[in-house]
Amino acid sequence: MTDTLAQLTAKDFTSNQEPKWCPGCGDFAVLQQLKNAMADLGLKTEEVVVVSGIGCSSRLPYYIATYGVHGIHGRALAMASGLKTARPELSVWVGTGDGDALSIGGNHYIHTVRRNLDLNVILFNNEIYGLTKGQYSPTSKVGLRTVTSPNGVVDHPINTAALTLGAGGTFFARVMDRDGKIMREIFKRAAEHKGTSLVEIYQNCPIFNDGAFEPFTDKDRKADTTLYLEQGKPLVFGKNNDKGIRLDGFTPVIVDLGDSSVSQDDLWIHDEKDFIKANMLARFFDDPDASEDFLPRPFGIFYVEDRYTYESALSAQIEKAQENGEGTLEELLAGSNTWTIG
Amino acid sequence: MSDTTILNREDMVTAKNSVSVLFAGDSGDGMQLTGTQFANTVAVYGSDLNTFPNFPSEIRPPAGTVAGVSGFQLQFGTSSVYTPGAKFDVMIAMNAAALKANLANLHHGGIIITDTDGFDAKNLKLSGYGEENNPLRDGTLKDYTVFEIPVVSLTRTALAETGLSTKNIDRCKNMFVLGVLYWLYSLPLETTIKTLKTKFAKKLDLAEANIKAVTAGYNFGDETEMFSQHGRFSVAPADKKPGLYRRVTGNEASAIGLAAAAKKAGLNLFLGSYPITPATEILQTLAGLKKWGVKTFQAEDEIAGVLSSIGAAYGGALAATNTSGPGLALKSEGLGLAVILEIPLVIINVMRGGPSTGLPTKPEQSDLLMAMYGRHGDAPMPVIAAKSPVDCFYAAYEAAKIAVEYMTPVLCLTDGYLALSSEPMLVPSPDELASITPVFSPARKADDPPYLPYKRDDRAVRPWAKPGTPGLEHRIGGLEKQHETGNVSHDPANHELMTKLRAEKVARVADIIPDLTIDNGPENGDVLVLGWGSTYGAIKKAVEQALEGGCSVAHAHLRYINPFPKNLGEVMGHYKKVLIPENNCGQLLSMIRDKFLIEPVGFSKVQGLPFNEMEIEAKITDILKEL
C-alpha cells in the first residue's frame, strides 16, 4: 500500500518474498536497479505490472511489490501484449531470459518487437539454461561444453541486437550486470520510451556458466573489449581512451588516437536515431577469445526510434468508431438488418 | 410496380409445408449471394428457415469443374425448421458440374432447374460427364422434374438495352434464376429489390440491371408454358413469435454473444485470436465491433492468442479466444495456466474433422474429450455446448457469465456446421439477458490487513483484483499457490487442498445451471435420445417423426457437459435405453458410462457430415425392436 503523495523509494517496491536465486547471481543486481529505477520514475506500486515467463530470471515478479504475473515458458511477451492492449495506462515490465525469450518464445519476441507495444522488456542473458541445471541456450557460444553439449555447442548463437533491429524494434540497449549505475539510467530511458524497449543484460550465472562474460568484465581486458555508447559522443575505447572507431566507407576500422594523423573529428559519432549505424553496431559481435582481430562489444543504448505504439493506434481506431457515440447493447443485439413479425 | 399484375394471374398453387432448396453453380456464379437473397426473402415473408453454405476449400478452383462447385442450401417452412434439410426438394444447377456434384442428394422425383447454357460442350467436358454425355439428353434425369432454361441467353435479351457490357450482363444471370424461383414459390420481389438498391447505391446502372434481371426471371415464370403442368407452390408463413428478427450464422452469434456479455457485465471485451477454419468469422465479426469498444488482437499464433487473453483477463477485461481443434491443442498449456490463475476466460472451440489438419471445412464433435481432459495436471473447467446457430449466442453469453462469476476459464463448443449455418434470431431485449456480475476487490488502505488474492467465498470462488487498484498489489503465477495468500507454495498438503478447491469450484457451477428437461416426448418411456451440440436439429426431427409413428421415445439435449445438470442420472433412469448420437466415436458416451455406470447405446457418424433425421429415426426403430 502506498502513500500517493510521497515519492516511493526502492524499499517500497520490495515484496515480502525472499529472492531464491543462487548467491552471487547477477539477477540480484538487476532486481535492485529495477526497483531504484521505478522509484526514480515516480511510479506507484499499483500502476505497475511485472510479467514473466519461466526460468531463473522469470521469478522476478515475486520480488517486486507491484502487480505481477508469472506465466508459462516463453509466453511472457504474449501475456504482456494482451494486458497492455487491454489496459494501456498501466506500466508493464517484462522479465525474461535467453531461453524464454529467444528459444521457446522466439516467435512472440519478433512479433512483439515489430508491433511496438509500450512494454519495457528486461532480457536476462546468461547464455545458459540455469533453472534446468546447465544446458546450452540459443545464445551460448559455439564450443561451450554443457550437459547437453559434452563435445561443445555446435549451434550458431543468436545475436540479440541484430534480431531485435531486424524485427523492427524501436529501442535496444545492452548492459553488463555489474554496471549498476548505467543500468538504472537505461531502465529509466526504457520506461520513458514509448514502444517496446528491449534491454539485454549480460548476466553472469555463477553456477552453470561462470565467467561467460569475463572477456568484457576482466579488469585487464575490458577497456579493449568493450565500447560504451554515449549519445553525440565519438566511439572511443581502450585503456587510456586511446582507440576510436572510424568508418572507412561501410567498414568500421579501429584507429589509434595516439597517431597524430588521426583526429577525433574523423571518428564515428554515436547517434541513437541512426538506424543504419545501429545495425552496424549490432554486428559488433566478435568473440575476443577467438581472435586478436576483433571489434569491441558495444554497451549502452544502440537505437531509439519514435513510432506509434500498437495500443495507441488501436485505441485511436476505437475512438474514431465511437466519434458519434458508443454503440448500445440494443444496437448490438439488433445488428443492421432486421425484420418484424407480428 | 408491375409485380401486382403478375400476381393476379391465376395459377394452380400447391401448398407445401417445407421446402429444401440447393443453389449450386460455379464459384464465380454468385450462388452464396443468390441463396442469401432467397433466405432473406423467405425470412421477411415469415418462414422459419435454416441455411448452410457448401463451398470448395480451395479459394479459386478451376471454373466449370466439380471441384469448383459452390452451393447454398436452405430449408424454409411453415413449422419450425431445424436443419437445412437432409436432401433437397429443388436444385438449381447453373452448370453441368453443379448437377454432377449434387444430384445424389436430390430427393427422388425432385425438381431440377438448369441453365442450359451451362451444359455446352465445354462445360460438359470440364464437369467430367464428357462432351458426348449430356445428362439433360441421355436419360440420367428421367426420375426428376427438369426445367431447362437458357438463362444466359434470356438474361442477355432482357438486359440488351441497358448498355452494360456482356460480361456485366452475364453476371446478372443468378438474379434471373432467383426471379424464376420467386415466381415458382409465390414469393415477393421486394426484399431483394430493396437490397439491390442499397448494395448498388453508388452504381445505379448495376442496381437497375440486377432488378431488371430478377423481374425478368419472375415474368418468365409467369409467361412460359414450362411450368403449367406443375403450377406454382406456396409455403405459408410460420407461426413465429412476434418480434424483431435478424438472421445470424453460428459464428456471428458467438461473436455477438461475447460482445453482449461484456456490455451487460460492464467490462471491455478483448479477443486474442489466430485465424483458423472454421472459427475465423468470430474474430472477423468482433474486429468490426469497435463502436462497441471491442478490442481484437490478431496474435502471431494460437498460443499468443490464449496468452494475450490471459493477460487481458488479469487486467480486468472480459477476455476470450476462439479456435478450432488444432488451435485448441496448441492452447492447452495456456488453459492450464488460466485454471491455476483462476481468472475468467472464454474459449470458443469451433470443432472440425480431425485429427491434425483432418477435414478443416467439415464439422465433427470430436474435441469433447480434449475440452474435458486435454490439459496436464488435474485441471477441470466448465464445458458447455451450443445446439443451433442462434444458440451459439446464448452459449457464448452463458460461458462469459460462468467465467466471470466463477473466476474460471470456460470452454464453449460449437462446430463447423453451426458456425456457417444461419437461421432467424428473435432479437432479445437487453433486459431479457441474464445479469453478469463481476466482483472486483475494492481498494485497500495502508493499515488494512494484507490482501489475500486466493481467499475464497462460500462457492470456493476467489476475488478479481484489477491492476491499478491501490492496496491490491499481488503476485500470482503458474506455480502452485498457497491457500488464501497466493504465495508460491510447494507444501504437499497445500497442493492437494488447492487441487481439490479448484475442482470443487467448477463442480459447484452445477448449483446455478438448470435441470435437464425433456425437449420432446414422454417423461418416462422406452428410449431417451440424449444429444449435445449440433445434432439437435436432426434428433429433434427424428424424435418428432418417431413419436408420430407411435414410438415411446423422448429427446433431451445437454447444454452443460461439465458439470452435468444435477438431475441427469435421474432423467436417464426413466427410460429403458439411452441412445447417444454423436459425430465422433462415442465421447459423450464414455463420459456418461464413466460417471453413471450405465450402458447407453452409442451411435457414431464421423464422415465430416452432420446426421440426418432419417439415420437417427432408423436407429431409434432398431433399438425399439430389440427391447
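Residues numbered from 1 in each chain as written. Chains lettered and ligands numbered in written order. Predicted model: local features only at pLDDT ≥ 70, side-chain atom pairs only at ≥ 80, totals over all residues.

**Q** Can you tell me about the overall build of chain B, naming the residues and giving the values?
**A** What chain B contains, in helices and strands, is 21 helices and 22 strands. Radius of gyration (C-alpha) of chain B: 27 Å, near the 25 Å computed for a compact globule of 627 residues. Taken along its principal axes, the extent of the C-alpha atoms in chain B is 90 × 65 × 45 Å. Expressed as a percentage of contacts within chain B between residues at least 6 apart in sequence, the contacts between residues at least 24 apart total 76%. (Helix = DSSP H or I, 4+ residues; strand = E, 2+ residues; numbered from the N terminus. Rg over C-alpha atoms; globule rule 2.2 N^0.38 Å. Contact = placed C-beta atoms within 7 Å.)

**Q** Could you give an account of the sheet that holds strand S4 (residues 120-125) of chain A, naming the residues involved and the relevant values?
**A** On the basis of which strands lie adjacent, the open sheet formed by nine strands has the order S7(A)-S11(A)-S5(A)-S6(A)-S4(A)-S3(A)-S1(A)-S2(A)-S17(B) and mixed pairing. Each edge of the open sheet carries a strand with a single partner, namely strand S7 (226-228) of chain A together with strand S17 (475-477) of chain B. For this sheet, the mean angle separating the axes of adjacent strands, direction not counted, is 20°. With four bridges connecting them, strand S1 (residues 48-52) of chain A and strand S2 (residues 67-70) of chain A associate as parallel partners. (Pairing = 2+ DSSP bridges. Axes fitted to C-alpha atoms, helices over the stretch in contact; angles between N-to-C directions.)

**Q** Describe the pairing of strand S7 (residues 145-149) of chain B, naming the residues involved and giving the relevant values.
**A** Residues and elements named next belong to chain B. Here five bridges tie strand S6 (residues 106-115) to S7, and the two strands are oriented parallel to one another. Pairing of Ile113 across the sheet is with Phe147, part of S7. Each parallel crossover has a hand, and the one from S6 via helix H4 (residues 121-127) to S7 is right-handed. (Right-handed = clockwise from strand over helix to strand, strands pointing away.)

**Q** I'd love a proper account of the nonpolar core, names of residues and values included.
**A** Counting 260 residues, the largest nonpolar core has B:Ile310, B:Val346 and B:Cys412 as the members making the most contacts within it. A per-element tally of this core places helix H15 (residues 389-406) of chain B first, with 13 residues. The residues contacting B:Val346, other than those within four sequence positions of it, are B:Leu258, B:Ala320, B:Ala396, B:Ala399, B:Ala400, B:Ala403, B:Val410 and B:Cys412. Membership of the second largest hydrophobic core comes to eight residues, among which are A:Tyr129, A:Tyr136, A:Cys205 and A:Phe208. (Core = buried A, V, L, I, M, F, W, Y, C linked by C-beta atoms within 7 Å. Buried ≥ 20, exposed ≤ 12 C-beta atoms within 10 Å, placed from the backbone.)

**Q** Describe the interface of chain B and chain A, listing the residues and the values that go with them.
**A** Between chain B and chain A, the contact holds 60 residues from the first and 51 residues from the second. Counting only elements with at least two residues in the side of chain B that touches chain A, the list comes to helix H2 (31-45), strand S9 (243-249), helix H10 (250-265), strand S10 (269-273), strand S11 (295-298), helix H12 (302-314), helix H13 (325-341) and S17 of chain B. For the side of chain B that touches chain A, the element with the highest residue contribution is H12(B), accounting for nine residues. Its residues assigned to classes, the side of chain B that touches chain A comprises 29 nonpolar, 17 polar and 14 charged. Alignment of S2(A) against S17(B), held across three bridges, turns out to be parallel. Bridge pairing in S17(B) links A:Gly68 to B:Arg475. (Nonpolar A, V, L, I, M, F, W, Y, C, P; charged D, E, K, R; others polar.)

**Q** Tell me what's going on with the domain arrangement of chain A, and back it up with residues and numbers.
**A** All names here are of chain A. In terms of domain boundaries, chain A breaks down into domain 1 (10-232 + 271-310) and domain 2 (234-269). A separation of 29 Å is found between the C-alpha centroids of domain 1 and domain 2. Taken residue by residue, the interface counts nine residues in domain 1 and six residues in domain 2. Considering only residue class, the side of domain 1 that touches domain 2 consists of five nonpolar, two polar and two charged. (Domains from an automatic or database assignment.)

**Q** Explain the domain arrangement of chain B to me, using residue names and the numbers behind them.
**A** All names here are of chain B. Here the domain parsing of chain B yields domain 1 (3-235), domain 2 (246-432), domain 3 (439-512) and domain 4 (525-626). If you average the C-alpha positions of domain 2 and of domain 4, the two centres end up 26 Å apart. Contacts between the two partners involve 22 residues from domain 2 and, on the opposite side, 20 residues from domain 4. Mapped by element, the contributors of at least two residues to the side of domain 2 that touches domain 4 are helix H14 (368-373), strand S14 (383-385), strand S15 (409-415) and helix H16 (416-420). Residues belonging to the side of domain 2 that touches domain 4 are distributed by class as follows: 14 nonpolar, four polar and four charged.

**Q** Account for helix H17 (residues 492-507) of chain B, naming residues and giving values.
**A** All names here are of chain B. Over its 16 residues, H17 extends 23 Å from the first C-alpha to the last, a length consistent with the 22 Å expected when each residue adds 1.5 Å. By the burial criterion, the buried members of H17 are Arg502, Lys505 and Val506. Seen along its axis, H17 keeps its buried residues to an arc of 100°; they face one direction. Residues of H17 that are exposed and point more than 90 degrees away from the buried face comprise Pro492, Ala493, Glu496 and Lys500. Elements in contact with the buried residues of H17: H13, H15 and strand S20 (560-562). (Expected span 1.5 Å × (residues − 1). Arc of directions from axis to C-beta.)

**Q** Break down the pairing of S4(A) for me, with residues and values.
**A** Residue and element names in this part refer to chain A. A large share of S4 lies buried, amounting to six of its six residues. A two-sided burial pattern is seen for S4, the buried positions comprising Asn120, Ile122 and Phe124 on one face and Val121, Leu123 and Asn125 on the other. For S4 and strand S6 (residues 197-202), the ladder comprises six bridges, and the chain directions are parallel. Pairing of Val121 across the sheet is with Leu198, part of S6.

**Q** How would you sum up the sheet that holds strand S9 (residues 243-248) of chain A? Please name residues and give values.
**A** Residue and element names in this part refer to chain A. Taking strand neighbours across the sheet as the criterion, the three strands line up as S8-S9-S10 in an open arrangement whose pairing is antiparallel. Of all strands in the sheet, those bounded by a partner on one side alone are strand S8 (236-237) and strand S10 (251-256). As paired strands, S8 and S9 are joined by two bridges and run antiparallel to one another. Bridging across to S9, Phe237 finds its partner in Lys243.

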